[in-house]
Amino acid sequence: GLEEAERWKEKAIKRSPIVKFMMEHMAKRGCPVDESFFHVRHCDEKVGGGFDESASRQGGVVLCHNHLRNYSHTEMTMTHELIHAYDHCRAYVDWSNCVHHACSEIRAANLSGDCKWWQEVLRGNVAFLGQGRACIKRRAALSVSMNPACSAPGVAEEAVEKAFERCYADTSPFDRVP
């Protein structure tokens, strides 16, 4: 519920090494964020969270309490959305450009732990084990296809293919994939 998700959010901001790291690097890039950057609310879409670039120069992160399973899912969702926020802060990202959007989704899936083997098992995708790149492409294409500018058949997949090698290799602000 709402109260539980608020507690998970506060715990991640105080204790999660990866969330704290991303918040520090947002500040280093000139986009400091604090607890008010994260908004816990009910979401109709079946997603754990989202990045809203229109909220301010830094944007804002929505956490969907009705789709967050537990603390570690909340922490991973916050990290994923902070990577979008970081990309939005460090570079001009045109979110209506499917290749731009795909690049940020590839980075977010790669760096947040979205495609660690145990996440795939939870989703029932045992066939994807050991196929980190396939998982990242699939997750990125799914997210990009939700963008109205990229919803036509095949558009999201094509954008992910175009952006993949460059954006998969871009681990900033990490030295390597955490």
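Every chain begins its residue count from 1, and numbering advances along the sequence as written. Given that the model is predicted, a residue must reach a pLDDT of at least 70 before its local features are reported, and side-chain atom pairs must reach 80 or more before they are shown or counted; all residues, however, enter totals for whole chains, interfaces and linings. Excluded from the side-chain calculations are hydrogens and water; all other atoms, namely the structure's heavy atoms, are used.

Below, the discussion takes up the nonpolar core. Counting 30 residues, the largest nonpolar core has Met26, Phe37, Phe38 and Leu82 as the members making the most contacts within it. Here a strand is any run of E in DSSP of at least two residues, a helix any run of H or I of at least four, and the numbering for each starts at the N terminus. Looking at this core, the elements that each hand over two or more residues are helix H1 (2–15), helix H2 (17–28), strand S1 (38–41), strand S3 (60–64), helix H3 (71–90) and helix H4 (98–112). By residue number, the principal contributor to this core is H3, which donates 7 residues. Residues in contact with Phe38, not counting those within four places in the same chain, are Lys9, Ile13, Met23, Val61, Leu63, Met78 and Leu82. What we call a nonpolar core is a set of buried Ala, Val, Leu, Ile, Met, Phe, Trp, Tyr and Cys residues that are connected through their side-chain atoms within 4.5 Å. Working definition: with a 1.4 Å probe on protein chains only, accessible area under 20% of the residue-type maximum means buried, over 50% means exposed, and in between means partly exposed. Core analysis: the second largest hydrophobic core is formed by 18 residues, Ile106, Ala109, Val160 and Cys167 among them. Here, residues are in contact when the closest pair of their heavy atoms is within 4.5 Å.

Here we take up H3. A helix's residues, less one, multiplied by 1.5 Å, set its expected span. Taking 1.5 Å per residue, 20 residues should reach 28 Å; H3 reaches 28 Å between its end C-alpha atoms and fits that length. Here H3 lies mainly inside the structure; 18 of its 20 residues are buried.

On to the packing of H1 against H3. Look at H1 against H3: their axes get within 9 Å of each other, and the N-to-C directions meet at 60°. Note on packing geometry: the crossing formed by H1 with H3 is right-handed. Between H1 and H3, the residues in contact are Trp8, Lys9, Lys11, Ala12 and Ile13 and Tyr71, Thr74 and Met78, respectively. Here the term charged refers only to Asp, Glu, Lys and Arg, the term nonpolar to Ala, Val, Leu, Ile, Met, Phe, Trp, Tyr, Cys and Pro, and the term polar to all other amino acids, Gly among them. Looking at the contact of H1 with H3, its residues break down into 5 nonpolar, 1 polar and 2 charged. Where helices are involved, their axes are fitted lines through C-alpha atoms of the stretch in contact, as for all axes, and angles between N-to-C directions lie from 0 to 180°. For any pair of crossing helices, the crossing counts as left-handed if the nearer helix is rotated counterclockwise from the farther one by less than a right angle, and right-handed if it is rotated clockwise.

The next thing to look at is the side chain of His80. Relative to the elements of secondary structure, His80 occurs in helix H3. Residue His80 is classed as buried on the basis of its relative accessible area of 10%. Separated by 3.2 Å, the side chains of His80 and His84 make a polar contact. Filtering out sequence-adjacent residues up to four positions away, His80 remains in contact with Glu105, Ala108, Ala109, Ser112 and Asp114. N or O atoms within 3.5 Å of each other form a polar contact, as long as, within protein, one can give a hydrogen and the other can take it, and as long as residues adjacent in sequence are counted only when both atoms are side-chain atoms.

Right, let's talk about the packing of H4 against helix H6 (residues 132–145) for a bit. Pairs of packed helices are described in terms of their axes, by the angle between the two and the distance that separates them. Two numbers describe how H4 lies on H6: the axes approach to 9 Å, and their chain directions differ by 135°. Considering their axes alone, H4 and H6 lie oblique with respect to each other. In the crossing of H4 with H6, the sense of the turn from one axis to the other is right-handed. Seen from H4, the contacting residues are Cys98, His101, Ala102, Glu105, Ile106, Ala109 and Asn110; seen from H6, they are Ile136, Arg139, Ala140, Ser143 and Val144. A class-by-class count of the residues in the contact of H4 with H6 yields 7 nonpolar, 3 polar and 2 charged. Throughout, the term roughly parallel applies to angles under 35 degrees, roughly antiparallel to angles over 145, roughly perpendicular to angles from 65 to 115, and oblique to all others.

Attention shifts here to the state of the cysteines. A pair of cysteine sulfur atoms is labelled a disulfide when the two atoms are within 2.5 Å. According to the stated counting rule, one finds 4 disulfides in the structure shown. What pairs with Cys43 in a disulfide is Cys64, and their sulfur atoms sit 2.0 Å apart. Sign of the S-S torsion, about -80° for the bond between Cys43 and Cys64, identifies this disulfide as left-handed. Placement of the pair is Cys43 in the loop between S1 and strand S2 (49–52) and Cys64 in strand S3, with a sequence separation of 21 residues. The pair formed by Cys43 and Cys64 is uniform in burial state, with each residue classed as buried. A sulfur-sulfur separation of 2.0 Å characterises the disulfide bridge that pairs Cys103 with Cys167. Between Cys103 and Cys167 the disulfide shows an S-S torsion of about -105°. By sign, it is left-handed. Note that Cys103 is positioned in helix H4 and Cys167 in helix H7 (residues 155–169), a separation of 64 residues in sequence. The pair Cys103 / Cys167 is uniform in exposure class, with both members buried.

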